[in-house]
Amino acid sequence: MNGKADPRAEGEVTTRTRLERGRGALGPALELVHTGRAPTRAVLTAELGVTRATAGAVAAELEALGLIRIDAKPSAAAGSQGRPSHRLAVAEEGPVALAAQVHADGFRAALVGLGGGIVATAPGCETVDADPAQVLGAVVDAGARLLRETGRRCVGAGLAVPSAVAKPEGTALNPLHLAWPAGAPVSEIFAQCVREAGIEGPAFAGNDVNLAAIAEHRHGAGRGARDLLCVATGHRGVGGALVLDGRLHTGSSGLALEVGHLTVNSEGRPCYCGSRGCLDVETDPLAFLTAAGREPGPEGLLVQARGLLRDAYGDPSVRSAAEALIDRLGLGLAGLVNILNPDRIILGGLHRALLEADPDRLRAVVADRSLWGQSGGVPILACTLDHNSLVGAAELAWQPVLDDPLGALG
């Protein structure tokens, strides 16, 4: 023995020390890469408030877990000064989450990676059985086939349903546009189907618009908003969600923001809730088709309504129907603005198409009928993710990994 220290051993000890110091930063670091807010190691260092060495150790650990990739050759952005920084990105061949969505016109399964990217989808089914167990079993089987075909590791599964999902029971309280019984234990059934399919990881269920809002806040039109209001109509009915400081506001038992039952037309259509003229029945695809004098076709209500709005807006009956829905939607949004004072509103489904058809009309109605709208206006934007409820369902499964990457995958 010559008494000299082994530099490799010293390096290993130093790396472990840095990692121990930054272990609590693994989750925040992963979330920064996941949401696109840390494209380089330099940005990651600044966002975490740690040393460059600690940020490097944290990034290396996330790469070792197969979650992110670090550019081997750092490069400087055009026009930038200073030392080039290693670029960070989600691992293209990394783990995925199984995402499932059920709606009035069918169901779909997908695999979603970090960053909200959809890796693979299974062909959707166009009919929904009255037995939740049969439907959820079928959509999980479709997801399991995708996992076998891709050979990807699965971190868990998430389900989006068109109903309020009570916490902590996980029951679908009002699946009004499905033939399912009220109070169906969707979380329990879904988790059992996931286990029986041999899929690893936890399983979760949530309301489809709540999950769309989370997806848009992390990866879409809601990025950067502090108080984000999302309102959307999918295949039937209207849903809403509120994201406050990056977290979904669910209320005391998961039932907050049932905006579909705001009255916007006192002489309007009877609603399933027992009232009359609710957003749910005054601004959804069926309401639009009915107002335009069209019969529902075989392609699905949302697809048909969007196509009619896109291809026949010059038809006086279609334009008149669209304007009536825009005015009622604007009235509902104005009431929500008065109560919630959001800094951004995003619209999905047919509401997105209505906004795009006549953005000035909708914004004018909201500004005219809301106190805060008159004092400056609230930005009203279209959702930008094509399958935001599916992406949001995957976010449920990714959350334990974002909270504790080592605990979930180490």
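Scroll up a little and you will see the structure.
Bear in mind the structure is a predicted one, so any value in this text is a computation, not a measurement. (Residues numbered from 1 in each chain as written. Predicted model: local features only at pLDDT ≥ 70, side-chain atom pairs only at ≥ 80, totals over all residues. Heavy atoms only, no water.)

### Some remarks on the pairing of strand S5 (residues 118-121)
As a reminder, the rule being used: Should DSSP find at least two bridges between two strands, the strands are regarded as paired. Segments assigned H or I by DSSP are reported as helices when at least four residues long, segments assigned E as strands when at least two residues long, and all are numbered from the N terminus.
With three bridges connecting them, strand S4 (residues 106-113) and S5 associate as antiparallel partners. Bridge pairing in S5 links Ala110 to Thr121.

### What to know about the pairing of strand S9 (residues 239-244)
Look at any regular strand and the pattern is simple: side chains alternate between the two faces of the sheet. Heads up, the condition is: When a residue's accessible area, from a 1.4 Å probe over protein chains only, is under 20% of the maximum for its type it is buried; when over 50% it is exposed; and in between it is partly exposed.
A large share of S9 lies buried, amounting to five of its six residues. Here strand S8 (residues 227-233) pairs with S9 via six bridges, running antiparallel. Opposite Leu229, over in S9, you have Leu242 as the bridge partner. Connecting S8 to the next strand, S9, in antiparallel fashion are five residues, including Gly237 with a positive phi near 75°. Examined bridge by bridge, S9 and strand S10 (residues 247-248) share two bridges and lie antiparallel to one another. Bridging from a neighbouring strand, Leu244 pairs with Arg247 of S10. Hairpin connection, S9 to S10: the antiparallel pair is bridged by two residues, and Asp245 has positive phi, about 50°.

### Some points on the sheet that holds strand S6 (residues 154-161)
The strands that make up a sheet pair up through hydrogen bonds in the backbone, lying either parallel or antiparallel. To be explicit about the condition: In this analysis an axis means a line fitted to C-alpha atoms, helices contributing only their contacting stretch, and an angle means the value between N-to-C directions, from 0 to 180 degrees. The contact criterion used throughout is that any non-hydrogen atoms of two residues lie within 4.5 Å.
Ordered in space as S5-S4-S3-S6-S7, the five strands form an open sheet in which the pairing is mixed. Strand pairing shows two members of the sheet lacking a second neighbour, S5 and strand S7 (203-207), which therefore form its edges. The sheet shows a mean angle of 25° between the axes of neighbouring strands, taken without regard to direction. Relative to S6, strand S3 (residues 96-103) runs parallel, the two sharing five bridges. Across the sheet, residue Gln101 finds its bridge partner in S6, namely Ala160. Here helix H5 (residues 132-150) sits on the sheet and contacts S3, S4, S5 and S6; the angle it forms with S4, its principal contact strand, is near 35°. Relative to S7, helix H6 (residues 186-196) is tilted by about 145°, and along the sheet it contacts S3, S6 and S7.

### A short note on the environment of Asp105
Mapping Asp105 onto the fold places it in the loop between S3 and S4. Given a relative accessible area of 22%, Asp105 falls into the partly exposed group. Sequence separation between Asp105 and Asp71 is 34 residues, and the spatial gap between their C-alpha atoms is 43 Å. When residues no more than four places from it in sequence are discounted, the contact partners of Asp105 are Cys125, Glu126, Thr127, His235, Gly300, Leu301 and Leu302.

### Concerning the pattern of salt bridges
Counted only if it meets this: By definition here, a salt bridge exists when the distance from a side-chain nitrogen of Lys or Arg to a carboxyl oxygen of Asp or Glu is within 4 Å.
Overall, the coordinates contain 13 salt bridges when judged by the stated rule. Of the charged contacts, one joins Arg294 and Asp315 as a salt bridge, the two residues approaching to 3.4 Å between their closest N and O atoms. Taken together, the positions of Arg294 in the loop between helix H9 (285-291) and helix H10 (301-311) and Asp315 in the loop between H10 and helix H11 (316-340) put the pair 21 residues apart, joining distant regions of the chain. One network of salt bridges, in which partners are shared, links Arg226, Asp227 and Asp245.

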